[in-house]
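# Coordinate analysis (summary)
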Amino acid sequence: MARIYNKIVKGNPGVERFFLGNEAIVRGGLESGLDVYTFYPGTPSSEVGEIFLEIFRDVGMKWVESSINEKVAIEVAGAAYARGATVMVGMKNVGLNVASDPLLALATTRPKNSNSALVIFVADDPQQHSSAVEMDSRNYLKLFKVPALEPSNPQECLEFTKRAFKISRELKLPVVLRTVTMVSHARSNVVIGEIKRSEIADDFDLSREVNVASRLYFLELKEDQIYSRMNQALEMSENSSLNRIENEDVKNEYELGIITSGVSYSYVREALDFLELKAPILKIGFINPLPEKLIASFLKRFKQIFVVEENDPYLETQVMAIAQKNGLNLKIYGKDPFSYSKETSLLPFVGELNPTKISLALIKITHIAPKIDLNQIEGKKYKILGRKPILCPGCPHRTTGYALQKAITKIKSKTGKEIYFYQDIGCYTLLAFPPISFANVKYCMGSSIALAQGVAQTNGSLNIAIIGDGTFFHSGIPALLNGIYNKAPILVLILDNGWIGMTGQQPHPGSDTRYYKEGNFKKGINLEEFLRGTGAYVSVIRHDEGNEKEYTARLKELIYEKGLDVLEKQNLHVIVVKDECIQEYIKRHKVRVRHIDVELCNNCGLCYSQFLCPAIYEKDDVAYINSSLCLGCGICEEICPNNAINREEL
């Protein structure tokens with residue numbers, strides 16, 4: 001904690017710190033007098049909330065919380081904003097979908113308190129590195145009708161955060177701060193400023209006429225939002241230093257100008273350097289509302305414009321509209337948004353950009369002959385060691401998957417019924433990959449339980465929903481209640497590993513409050529008691545320390561028994577599998593590494609080809625355990641049919 005505090009908080013104005021983009025956002029919040037930060041963890045946004053949780057009491061902030069989901073995070077933040085606080089709420093792109101309902105109302109409100117300011121930090125994930133879908137959150141901006149800024153590097157992350165609070169405080173509108181993975185997780189030197197202390201007042205105005213979502217008040221407020229506050233935002237955008245023209249006086253024989261924003265700006269600079277091409281660049285940092293007059297004046301200077309952005313053609317579509325509105329006749333290149341054609345698009349709709357892709361597009365526009373064959377580089381398939389997405393050594397979900405595999409084989413043999421699996425968002429999603437392949441349908445967080453109901457209510461198959469504890473608290477509860485109410489014949493497996501494992505072991509309402517710092521200030525929720533209170537049929541199985549003996553066999557038999565019960569009695573049954581995330585478990589327990597007695601091993605392959613432990617490998621027709629990878633879960637020792645696996649002596 002001291003290390004994080006010293007890195008983020010300490011230091012005189014003007015000194016440099018080597019920051020992640022997300023760390024720079026934290027510093028920008030502190031330099032803005034931040035009172036409240038709420039969030040739901042999700043890569044690539046998680047670090048911001050984790051840091052604030054560590055330091056907020058020491059820096060004088062009023063409140064920080066990891067909310068149960070993004071909708072609740074927005075609502076907690078929104079009320080604090082309404083009462084006069086400087087507030088920030090953080091999430092990843094798909095989290096904005098969850099938050100969108102309250103945010104639509106919140107965006108229309110107009111707090112009367114002078115210090116009210118709200119920034120919505122949204123981190124997009126082009127290339128879908130750690131997301132269920134690839135989604136461009138900029139498309140929400142026209143729906144919400146709020147200002148938005150997009151930094152391109154860590155220094156801008158700090159400065160744009162401060163500017164976002166200033167704009168919000170002045171206009172009394174939420175401001176979106178949008179990053180992408182390659183900005184949030186980029187590192188560079190950042191010049192810090194002065195930390196500003198909270199200016200929140202004890203007296204505040206919560207007048208209903210500016211805060212209550214009702215037709216009685218909101219039509220007038222919406223007119224004010226659009227024609228007054230967003231009109232002012234447009235003036236700000238037109239005159240903002242966040243929008244700037246680089247190489248303004250440069251000319252080229254192609255009469256070409258470039259419009260870009262965010263991380264794409266950095267790629268453009270590299271591509272131009274590689275091609276030794278000079279071109280004016282309009283870099284847009286104030287991405288909503290776009291500076292129409294500035295863009296129109298830039299377009300008038302050229303016969304060709306290249307719009308460079310990742311994912312959707314958000315900028316390009318509006319640039320085309322501005323050109324048409326101003327009667328400008330020029331060629332605009334980019335993604336060709338109305339054709340949905342790979343042949344006419346110079347840049348892809350899908351995935352991240354890079355300097356090579358942009359260079360190839362510029363070559364098509366200019367016919368410059370590059371020094372090297374970029375098509376060969378772009379299309380080159382390198383022979384590299386492949387690595388599938390895989391669960392950690394010792395992950396409890398692997399044990400559950402293994403037991404489930406055995407149980408369904410037995411159920412199919414007895415009943416002849418089809419069995420379908422409905423996955424959710426979490427580490428256990430990796431059970432969807434071969435050879436286990438436990439996934440028929442997966443959408444978004446909290447959807448597995450409802451998905452299972454959609455088939456179960458129309459078919460006599462066994463339908464199994466797989467969901468984690470963090471995801472269940474996030475958005476699985478309503479679907480479970482729906483299933484109980486409608487007597488849906490499904491089997492629900494809640495894989496309770498105690499933490500939000502996939503994004504870095506953050507706590508949730510069911511986490512053991514003894515094992516994380518903020519737990520001293522929390523009241524944990526007993527998942528088993530909660531479930532029994534719903535009236536559901538509930539079974540709980542625990543894999544406690546020293547309880548490895550026959551655990552997998554007991555889990556297999558429990559799934560088998562309750563699966564048959566669902567088929568025969570047509571009821572909804574919940575099995576809670578309690579087995580802590582191995583990454584948290586090893587922080588408090590000594591690792592008991594296993595080894596294989598090669599004299600007893602007959603290389604049946606069960607441990608490495610069926611159980612799929614990445615710490616176990618085959619060599620010279622015998623299985624071996626990599627002691628540097630083994631985390632001592634002990635399941636391999638239990639399942640080995642030859643008793644060839646044992647604990648190493650301590």
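Look up: the structure comes first, before these words.
Here goes a summary of the coordinates provided.

Basis of the calculations
Residues numbered from 1 in each chain as written. Predicted model: local features only at pLDDT ≥ 70, side-chain atom pairs only at ≥ 80, totals over all residues. Heavy atoms only, no water. Pairing = 2+ DSSP bridges. Helix = DSSP H or I, 4+ residues; strand = E, 2+ residues; numbered from the N terminus. Axes fitted to C-alpha atoms, helices over the stretch in contact; angles between N-to-C directions. Contact = heavy atoms within 4.5 Å. Core = buried A, V, L, I, M, F, W, Y, C linked by side-chain atoms within 4.5 Å. Buried < 20%, exposed > 50% of the residue type's maximum accessible area, 1.4 Å probe, protein only. Domains from an automatic or database assignment. Left-handed = near helix turned anticlockwise from the far one by under 90°. Nonpolar A, V, L, I, M, F, W, Y, C, P; charged D, E, K, R; others polar. Expected span 1.5 Å × (residues − 1). Bend = angle between axes of the 7 residues up to and from the residue. Right-handed = clockwise from strand over helix to strand, strands pointing away.

In space, the five strands of this open sheet follow the order S15-S16-S17-S19-S18, with parallel pairing throughout. Each edge of the open sheet is held by one strand with a lone partner, namely strand S15 (419–422) and strand S18 (537–542). In this sheet, neighbouring strand axes are inclined to one another by 20 degrees on average, regardless of whether the strands run parallel or antiparallel. Sheet contacts for helix H17 (residues 448–456): S15, strand S16 (462–468) and strand S17 (491–496); angle to S16, the most-contacted strand, approximately 175 degrees.

The biggest cluster of nonpolar side chains holds 75 residues, and the ones touching the most others in it are Ile464 and Val574. Per-element tally for this core: the top contributor is helix H20 (residues 551–569), with eight residues. Of the residues that make up this core, three or more belong to each of domain 3 (396–580) and domain 4 (595–646). With 72 residues, the next largest nonpolar core counts Ala24, Val175, Leu277 and Phe306 among its residues.

A sheet is described by the order of its strands in space; here five strands give the open sequence S9-S11-S10-S13-S14, paired in mixed fashion. Looking at the sheet topology across the chains shown, the edges are occupied by strand S9 (244–246) and strand S14 (331–333). Going from strand to strand, the sheet's axes swing by 20 degrees on average, the running direction of each strand aside. Pairing of strand S10 (residues 256–261) with strand S13 (residues 304–308) involves five bridges; the strand directions are parallel. Paired with Leu256 across the two strands is Gln304, which belongs to S13. Contacting S9, S10, strand S11 (281–284) and S13, helix H11 (residues 262–275) runs over the sheet at an angle of about 145 degrees to S10. Together, S10, S11, S13 and S14 form the strand contacts of helix H13 (residues 314–325), whose direction differs from that of S14 by roughly 175 degrees.

This brings us to the packing of helix H2 (residues 21–30) against helix H7 (residues 154–171). Contact geometry of H2 with H7 gives a least axis separation of 7 Å together with a crossing angle of 35 degrees. H7 is crossed by H2, and the crossing has right-handed handedness. Residues Gly21, Ala24, Ile25, Arg27, Gly28 and Gly29 of H2 lie in contact with H7, whose contacting residues are Pro154, Cys157, Leu158, Thr161, Lys162 and Phe165. Taken together, the residues of the contact of H2 with H7 break down into six nonpolar, four polar and two charged.

Between the first and last C-alpha of helix H18 (residues 469–485) there are merely 21 Å, a value that for 17 residues lags more than 12% behind the 24 Å anticipated at 1.5 Å per step. In the structure, H18 departs most strongly from a straight axis at Gly476, where the bend amounts to approximately 75 degrees and where the proline Pro478 lies between one and four residues downstream. Those residues of H18 that fall on the buried side of the exposure criterion are Asp469, Gly470, Thr471, Phe472, Phe473, His474, Gly476, Ile477, Ala479, Leu480 and Gly483.

Next up on the list: unusual backbone geometry. The omega torsion across Thr43 and Pro44 is 15 degrees, close enough to zero to call that bond cis. Tracing the backbone through its elements, the reader meets Pro44 in the loop between strand S2 (36–39) and helix H3 (46–59). Omega for the bond connecting Asn288 with Pro289 falls within 30 degrees of zero, at -5 degrees, which places this linkage in the cis form. Looking at the element boundaries, Pro289 is found in the loop between strand S12 (286–288) and helix H12 (292–299). Of note, the phi angle at Gln505 is positive, near 65 degrees, even though the residue is not glycine. Within the secondary structure, Gln505 sits in the loop between S17 and helix H19 (527–533). A positive phi angle, close to 65 degrees, is found at Leu612, a residue other than glycine. Structurally, Leu612 is set in the loop between helix H22 (606–610) and strand S21 (616–619).

The next thing to look at is the pairing of S2. Burial along S2 is two-sided: Val36 and Thr38 and Tyr37 and Phe39, pointing in opposite directions, are all buried. In terms of strand pairing, S2 meets strand S3 (residues 63–66) through four bridges, oriented parallel. Pairing of Val36 across the sheet is with Trp63, part of S3. Taken together, S2, H3 and S3 form a β-α-β motif whose crossover is right-handed. For S2 and strand S4 (residues 86–92), the ladder comprises four bridges, and the chain directions are parallel. By the bridge assignment for S4, Thr38 is matched with Val89.

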